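# Survey of secondary and tertiary structure
Listed below are the residues making up each chain.
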Amino acid sequence: MGTYATYSDVGARTPARTIDATSMPTATQVSAWVDEGEALLGGALSAGQITIPITDASGIKLMRSWTCDYAEAHLRMAWASTANDGNPDGQQLLDRFNATIDDIYSHPSRYQASLWSGASSESTRRVRGYVLDNDDSKSITNGDFAPEFEKGDVF
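Note that this is a predicted model, so its numbers are computed, not measured.

Our focus in this paragraph is the packing of helix H3 (residues 57-81) against helix H5 (residues 108-115). One way to put it is that H3 packs onto H5 with a least axis distance of 8 Å and a crossing angle of 115°. Of the residues in H5, those touching H3 at Gly59, Leu62, Met63 and Trp66 are Tyr111, Ser114 and Leu115. Along the lines of polarity and charge, the residues of the contact of H3 with H5 split into five nonpolar, two polar and no charged.

Shown next as C-alpha cells:
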C-alpha cells in the first residue's frame, strides 16, 4: 500500500474503467506500480538529501500526483498493449514522471521548498564555500570573516 497514493487514486484518473481484483491489470498490479513510483521518488529525494517521508499537506498532494503519473502511465501502457497496435498511450505520463525525477536530482533545493511549504535546508544547497561550509568552526555570526584593515605607510 502506497504512502501517498493508492490504486483508487489512479482509478479516479481513468473513470471509464474499473480497477479491481478481476480487472486487467488488477488492483494488486496497479498498487505495485504505485509502490514503484513512490520508491523512485523516494530514492531521488533521498539522493538530494530531502527529508522523507513528506508530511506537509501540499507536499503530500504533489507526491500523490507524481506517483499517480507513474502508475497511470503503466496502466495505460498495459491497456494499449492488448491492442498490439503500437499505441503509445501512457508514454507521455512516464516521460513527465522521468523528467520530474531528473529535475529532482538537478534541483533538490527547489523540490525541498516545494514539498515542505517553502522551507529548504542547508543540506540541499548545491553551492558550497569556505565561509558557510568549513571544518574550522568559523562562522559569519562570530565575525570570523569580518574584514581587517591595517594602517600602512602612505607612498
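Next comes the rest of the account.
So, on to unusual backbone geometry. For the peptide bond that leads from Met24 to Pro25, omega is -10°, which places it in the cis range. For Pro25, the position within the fold is in the loop between helix H1 (7-13) and helix H2 (27-47). In this structure, Pro53 follows Ile52 across a cis peptide bond, with omega equal to 5°. Although it is not a glycine, Gln49 adopts a positive phi angle of roughly 60°. With respect to the helices and strands, Gln49 occurs in the loop between H2 and H3.

How each quantity is defined
- Residues numbered from 1 in each chain as written.
- Predicted model: local features only at pLDDT ≥ 70, side-chain atom pairs only at ≥ 80, totals over all residues.
- Heavy atoms only, no water.
- Axes fitted to C-alpha atoms, helices over the stretch in contact; angles between N-to-C directions.
- Helix = DSSP H or I, 4+ residues; strand = E, 2+ residues; numbered from the N terminus.
- Contact = heavy atoms within 4.5 Å.
- Nonpolar A, V, L, I, M, F, W, Y, C, P; charged D, E, K, R; others polar.

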